[in-house]
Every structure is written in structure tokens, then in C-alpha cells.
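Observations on the three-dimensional arrangement
Residues per chain, in single letters:
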Number of protein chains: 2
Amino acid sequence: MGDLVKVVVDAMGGDFAPEEPVKGAVDAVRENAEIYVCLVGKEELIRRELEKYTYPKERVEIVPASEVIETGEPPVKAIQAKKDSSLVVGLTMVRKGQADAIVSSGSTGAVLVGGQAIVRKIKGVERAPLAPLIPTERGVSLLIDCGASVDARPSHLSQFAVMGSIYMEYVMGVKNPKVALVNIGAEEEKGNELVKGTFPLLKANKNINFIGNIEARDIPAGKADVIVTEAFVGNVILKMYEGVGAVLIRKVKEGMLNSLRSKIGALLVKPALKKTLKGFDVSEYGGAPLLGLRGLVVKTHGSSRAVEFKNSILQCIQFKEQDLSGKIQEHLAAEEKVEGEN
Amino acid sequence: MGDLVKVVVDAMGGDFAPEEPVKGAVDAVRENAEIYVCLVGKEELIRRELEKYTYPKERVEIVPASEVIETGEPPVKAIQAKKDSSLVVGLTMVRKGQADAIVSSGSTGAVLVGGQAIVRKIKGVERAPLAPLIPTERGVSLLIDCGASVDARPSHLSQFAVMGSIYMEYVMGVKNPKVALVNIGAEEEKGNELVKGTFPLLKANKNINFIGNIEARDIPAGKADVIVTEAFVGNVILKMYEGVGAVLIRKVKEGMLNSLRSKIGALLVKPALKKTLKGFDVSEYGGAPLLGLRGLVVKTHGSSRAVEFKNSILQCIQFKEQDLSGKIQEHLAAEEKVEGEN
């Protein structure tokens, strides 16, 4: 096996399990010869799905797990109680070094709790942030944090900035990524206590390319590559993307069907419009890494389809090859040293 | 004068002063015979603008003020130093009961600080929230708070809910308005400390129609009439509306111009599209009341045009006729009493 990237796929997580995660896994091993996939979950169900496809069998393995964590379950309790769930079994494989990464579309809470409790944080990391990629006018940005922890402190946000910057540089290939702090104005003195406490930390950090505050209005325009904020605000930003986008698209469609003239026009613009809107759909960039852990945990959208599973699995290659966990550990250790010397 | 509604218009505030505020004032007195407008600012400039129009002269007055507060000035200092600015002179008229309301498109910070310092809060009001109307799929909702104060406490949000509910019911005519609390999930136990502390207060309040938590994704769909949140998150919601909307519209236009086929289609759908998008533009609903004060202070968007000034001026009629300040005072006093009895 040597240099293969071994990715666990939670075959029981998400709205379309096991069909879509299994199909995504098959597509990933077909597309890239470095990928080795472990499908975790109910053996019989997974086997039945796999039978639909032809694929390199030597790079797909089934790992049986008899339980499933449902979306509504309280995360901490579920992780503790369901030891033989696909998620817990998969996370444990990452912890033990039997796999490099896990991709799950299951309950966000359970993935967050399980990731921190089972895979565990890198030494020095205070909190592990969930960092989805969001579409912008210029490409994509990393929104960090987006659900892992509320009521954050400035030191947390400072670490998020470093981890996000490393991710964008080494996994996404953005040179010297621009880091910005979400605020209600561009001026340094604006904002709440958390933001005012975070700004000087980011400004003083020579390892990141901090460009200052960013107003939410400038996020979709792509003015920064790494958008630093605490989880509550991050969640609101992500959900506003979805909400405004969905309503606007429905309105545009409705508006176009209001007259014969525009109905004809609508038919003509439909293909172009569809393509455009697809590129601006948050769920297209389904794989959000939970950063700062000793292995890679990727959370994909609950309604993920095969293509998102595939993309999330392929994302793991860069993560492993670039030794992202190692880089994060180094950077944070270097900063602690600087702080200690001051 | 009797039953006239006397509205001060800050003729020097905003990107298009004095042209647009003056035109908006003229349009308002022309449209509604109950409106009396006091245009505050540099007399000569205002007079020159007024000469362009014919209008009922007995309901338009110029109140001279020699100074102007600029957008970049630190608000507290500006309010203290520029006693003869259009904003301070106008707010002072409201405070002295010489006018019922003021509409200003000037610096948000200065309007907020000036409103609280000069017009002053109603007895019992802890903080005066800024509450813009935002477009939704079903109409409009009130987003409260949106910039007046960061680092809020549960008791503040509880008052915001009451004030917002009164505004939507008596000014906007929404019967029994649905009140929701912005959270990162629909479940009661989710969220940060502020939200967890606020939820039980809203749930226990029998004077509002509290429907529970709302995720940001459901705000544009119009699932609630009054959206309660603290100012930082409120600001992010408002700015995301603008940002996602602007980028999506640019993308749609670009996408449609990519092929001849869709170019022809674009020409046909253009009028329908324009109309649709206008209805979903945050700046169309420019007038955000600063609630909880002893008079009405309405902040309009910095780039407001005459139509927004006119609408904001007309909005003041309901506010006065329904005695909103009186209703807010009554409700808060009643609640204090209930709390005292418990």
C-alpha cells in the first residue's frame, strides 16, 4: 500500500446513506489511484450498493459497524453510548493511525464532539474549528469557525487564523492567503469585546497575512481568503448564504414567469443561469475540515450527493501529503515560544 | 397646525445631501396633507433646492444649522462639539417636543449616540435598538438590533422583542407579529450564553407571540416578523443580505451574457428581473427606527434617494398616531410590575 491515502467514509451518515457515500467512494478510487477507501457501516447494505459498480476492488474495504447515530440525538451521549456506530468506529480508526482521514455527512454535533473526543486535538490547540469553504465572486474562501464552539476567546480566534491560513496555503494552494477578521466596520476600534481583543493578536502575528477587519458585505465578493470569526457568527454567515441565495433564485424564477416575453427569455437563459448559480451554491463545497486534530475529520453537508463525497475524499490527499497536522503543530509551538520570550 | 405630524429632516446627512433629502421632503408634503417638514441645515443650500419645486409652502420650514457631522468623525466627540450641526439641532427639536420625529441619512454612529444622548430613552428602556426592515419572500421583517449596541445582555434582547413587536403591530399593521430569536439551531438548548439566557425570557413573556429560535437561513424566507438578535449578529445579517444579493446579481448578469442564446434571453427577461430584484433590495426599505426613545429617530441608508426619505417621513405618521413611545413605556412598565410581583 505504501503511499496510499487511506480515507474512512461514514457510509451511514447523511440524508442519502448508504447510496451516495458509497457511490462517492467508488468514484474517488476510480478517479485517483492514491485513494484507498474504508466504508464503515452495515456490511450487508454497503455490499449491496457496491455491487452496482465496477471499481478497483483492492482499494475499497468494508469495515462493519452495527449502529447508526441519528441527526436528532444529543451528540455527547450518542458518542459515548454507540461504540459500534459507523462514526465512532471510523473516528477510532483515524485515532489509531489505521486511516489518515474520515469523511462523514452525519450529525454535525456528533462529528464535532466525536472528532475532539476520539481523534483528539493537536498539542497546543485550544479548540478545533469547523472550517467550510464558501463560494465567492473570485473563487472560494475558508470560513473559520463555523459551528465547533460558541463563546470563543481572542486566543481561540488567533489560532483559527493560523490554522485557516495553513489550510488555504497548503491544501487549496493559495499563496500567502489574505486573513481577515469579521467585524461590523472596517476600523480597528470597532466591534465587540471579542473582536477588539482579537485584532491586536492577529496584527502582531507575523506568520499570517492579516489584512484587517472585513464587513460581512465584502465576504461574498471574495476580499479575503480566510474569514476569521466565532462559531455563532460563522454559522449565521453560512446560513445567510443559503437563505438569501435560495429566496433570490426563487424570486428571479417567479419574476421571469410573469409575462410571455420574459417566459421566452427565461427558456433561453436557463442553461447559463443554472451553471452560474451552481457555482455559487454553498453545498457544492461540502467538505468542511475540522482543523487542529491529530488526523483529518471532514464534515460534509447532510444532503451531500456522491460528487461531494468524492471531492471531500480527494481533498484528503493534499492534507496528508502536506502533513497539515504537523505544520499546524509546528506553527502553534513556534508562537508559544515567541509568547514565552516576550 | 393641530394634528399635523412634524418631521425634522436632516438636510445635510447622507451621500446625496441636500438634493435628495430636500426632494424627499417635498414629495412627502405633496403626497400627504398631515405632514409638516422642518428641513435643518445650511439655509442657502436648502433654499436653492426648494426653489426647484412647487409645493405647499405652509408645511415646509427651513431651520438653519451651520455645521455638518461627517461620516468619518468619532460620534461622541462630534455630537458634543458640533452643537450647531443639522443633526444636533434636529435631535434637540425632537427632545423639546418641537417636532415628533427626525429622519437622518447621516453617520449611523452619530445618529445612534445623538439619539440616546439628546432625545433620550423612555424610562425603563435599557438600550435603544436600531431596527431596519428587511425584505423577505413574504414581505418585510423587522431586524432588531442592528447596530445600536454590541455585547448585549438577555434583558436587552427581551426588551428588543417587546419593542419590535409593538412596532410591527402598530406601525406596520401586522396582527400578532411572530417573534423569533436568531440561533444556530432550532432547538431550545442550542446557542451561546446570550441566546440561552434570552430564550426563557421570551418564552415566558405573554405579551409577545414568541415562536422560538430561527436559523439565519429562514430569515429571508420570512418565517418571522420580528427577528431578535444582538447588534453584531444583526449587522452581519444585514450586510450578508447586501453582499450575497449583489454578487449573485452580478453573477447572473455575467452568466447571461456568455452566449448569444442567453444574451437574447437576457434582453427579454431584463424588465421582469429588475422589478424582482428591486423588491429584494435592503436599501429599498431605508428607514430604520431607533426604538425606545422619547421621540422617533429614523436612520436611513447613507445612499438614500428622495423616495427613501419620503417613505421614512410618511412612516412617522403611524408612529405618532399610534403613540408608539407611550405604548412601549406602558408595556415595559407592566413587565417590570410582573417581575416585581414574582
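Our structure is the block above this text.
The structure reproduced in this document is the subject of the present report. (Residues numbered from 1 in each chain as written. Chains lettered and ligands numbered in written order. Predicted model: local features only at pLDDT ≥ 70, side-chain atom pairs only at ≥ 80, totals over all residues. Heavy atoms only, no water.)

What to know about the overall build of chain A
Here is the rule: By definition, any uninterrupted DSSP run of H or I lasting at least four residues is a helix, any uninterrupted run of E lasting at least two residues is a strand, and each is numbered from the N terminus. Put simply, the radius of gyration uses C-alpha atoms, and a globule should come to 2.2 Å times the residue count raised to 0.38. The contact criterion used is simple: two residues touch if any of their non-hydrogen atoms lie within 4.5 Å.
Within chain A, the secondary structure is distributed over 11 helices and 11 strands. For chain A, whose C-alpha radius of gyration is 21 Å, the value lies close to the compact-globule estimate of 20 Å for 342 residues. Taken along the three principal axes of its C-alpha coordinates, chain A extends 70 × 60 × 35 Å. Counting only contacts in chain A whose residues sit at least 6 apart along the sequence, the fraction spanning at least 24 positions is 71%.

Concerning the interface of chain A and chain B
We count it as follows: When two parts are brought into contact, each loses some accessible area as probed by a 1.4 Å sphere; the total of that loss over both is the buried area. A pair is scored as a salt bridge if a Lys or Arg side-chain nitrogen falls within 4 Å of a carboxyl oxygen belonging to Asp or Glu. Between N or O atoms, a polar contact is any pair within 3.5 Å; within protein, one atom must be a potential hydrogen donor and the other a potential acceptor, and residues adjacent in sequence are included only when both atoms are from side chains.
Taken together, the 49 residues of chain A in the interface contact 49 residues of chain B. Contact between chain A and chain B buries roughly 4800 Å² in total, counting both sides, with carbon and sulfur atoms accounting for 74%. Contact with chain B buries area across many residues of chain A, yet Ile184(A), Phe232(A) and Met240(A) alone supply 14% of it, more than any other trio. Where chain A packs against chain B, one counts six salt bridges. For Glu242(A), the salt bridge goes to Arg217(B), with nearest N and O atoms at 2.9 Å. Where chain A packs against chain B, one counts eight residue pairs in polar contact (both at pLDDT 80 or more).

With respect to the sheet that holds strand β11 (residues 296-299) of chain B
Within a sheet, each strand pairs with its neighbour through backbone hydrogen bonds, oriented either parallel or antiparallel. Residue and element names in this part refer to chain B. How we decide: Two strands pair under a simple rule: DSSP has to find at least two bridges between them. To get an axis, fit a line to the C-alpha atoms, keeping to the stretch in contact for a helix; angles then go from 0 to 180 degrees between the N-to-C directions.
Reading across the sheet, the six strands line up as β3-β2-β1-β4-β11-β10 and stay open at both edges, with mixed pairing between neighbours. The open sheet has two edge strands with one neighbour each: β3 (60-64) and β10 (288-290). Taking each pair of neighbouring strands and ignoring which way they run, the sheet shows an average axis angle of 25°. As paired strands, strand β4 (residues 101-104) and β11 are joined by four bridges and run parallel to one another. By the bridge assignment, Ser104 is partnered in β11 with Lys299. Sheet strands touched by helix α2 (residues 43-50): β2 (35-41) and β3. Its angle to β3, the strand with the most contacts, is close to 160°.

So, the nonpolar core
Where we set the bar: For this analysis, a nonpolar core means a set of buried residues of the types Ala, Val, Leu, Ile, Met, Phe, Trp, Tyr and Cys, connected via side-chain atoms within 4.5 Å. A simple rule labels every residue: compare its accessible area, found with a 1.4 Å probe on the protein chains alone, to the largest value its type can have, and call it buried under 20%, exposed over 50%, or partly exposed in between.
Judged by nonpolar contacts, the single largest core of 173 residues is most densely connected at Ile35(A), Leu39(A), Ile35(B) and Leu39(B). The biggest single contributor to this core is helix α8 (residues 231-256) of chain B, with 12 residues. Filtering out sequence-adjacent residues up to four positions away, Leu39(B) remains in contact with Val9(B), Ala11(B), Pro21(B), Val22(B), Ala25(B), Ile46(B), Leu50(B), Val60(B), Glu61(B), Ile62(B) and Val63(B).

Regarding the relation of the copies chain A and chain B
Rule in force here: We place the copies in one frame by least squares, fitting the C-alpha atoms of every residue whose pLDDT is at least 70 in both.
Once chain A is rotated about the relating axis by 180° and shifted along it by 0.0 Å, it coincides with chain B to within an RMSD of 0.0 Å. What the superposition gives is, in effect, a two-fold axis relating one chain to the other. Distance from the rotation axis, computed per C-alpha, reaches its smallest value in chain A at Gly265(A): 1.9 Å. Of the residues that chain A buries at the interface, 100% are likewise interface residues in chain B, meaning the two copies contact each other through the same surface.

Description of the environment of Asp27(B)
All names here are of chain B. By the secondary structure assignment, Asp27 is in helix α1 (residues 19-31). Overall, Asp27 belongs to the buried group, its relative accessible area being 16%. Placed 26 residues apart in sequence, Asp27 and Tyr53 show a C-alpha to C-alpha distance of 9.5 Å. Once residues within four sequence positions are removed from consideration, Asp27 is found in contact with Ala306 and Lys310. Engagement of the side chain of Asp27 in a polar contact is seen with the side chain of Arg30, the distance being 3.3 Å.

With respect to the pattern of salt bridges
For the structure shown, the criterion picks out 26 salt bridges over all chains. Here Lys52(B) and Glu49(B) are joined by a salt bridge, their closest N and O atoms 2.8 Å apart. Overall, Glu49(B) belongs to the buried group, its relative accessible area being 10%. Salt bridges sharing common partners tie together Glu215(A), Arg217(A), Lys239(B) and Glu242(B).

Some words on the packing of helix α6 (residues 154-170) of chain B against helix α7 (residues 193-204) of chain B
How two helices sit against one another is set out by the angle between their axes and by the gap between those axes. Residues and elements named next belong to chain B. Keep this limit in mind: We call two directions roughly parallel when the angle between them is under 35 degrees, roughly antiparallel when it is over 145, roughly perpendicular when it lies between 65 and 115, and oblique otherwise. Here a crossing is taken to be left-handed if its near helix is turned anticlockwise relative to the far helix by less than a right angle, and right-handed if that turn runs clockwise. Each residue gets one of three labels, nonpolar for Ala, Val, Leu, Ile, Met, Phe, Trp, Tyr, Cys and Pro, charged for Asp, Glu, Lys and Arg, and polar for the others, Gly among them.
Two elements in contact, α6 and α7, have axes whose closest approach is 8 Å; the angle formed by their N-to-C orientations is 45°. With respect to each other, α6 and α7 are oriented oblique. Judged by the sense of rotation from one axis to the other, the crossing of α6 with α7 is right-handed. Here α6 contributes Pro154, Ser155, Leu157, Ser158 and Ala161 to the contact with α7, which in turn contributes Leu194, Gly197, Thr198, Leu201 and Leu202. Its residues assigned to classes, the contact of α6 with α7 comprises six nonpolar, four polar and no charged.

Details of the sheet that holds strand β6 (residues 140-144) of chain B
Residues and elements named next belong to chain B. Sheet architecture is open: five strands sit in the order β5-β6-β9-β7-β8, paired in mixed fashion. Two strands in the sheet have a free side with no partner beyond their single neighbour: β5 (133-135) and β8 (209-214). The mean inter-strand angle of the sheet, taken between neighbouring strand axes irrespective of direction, is 30°. Pairing analysis gives three bridges linking strand β7 (residues 178-182) to strand β9 (residues 226-228), with the strands arranged parallel.

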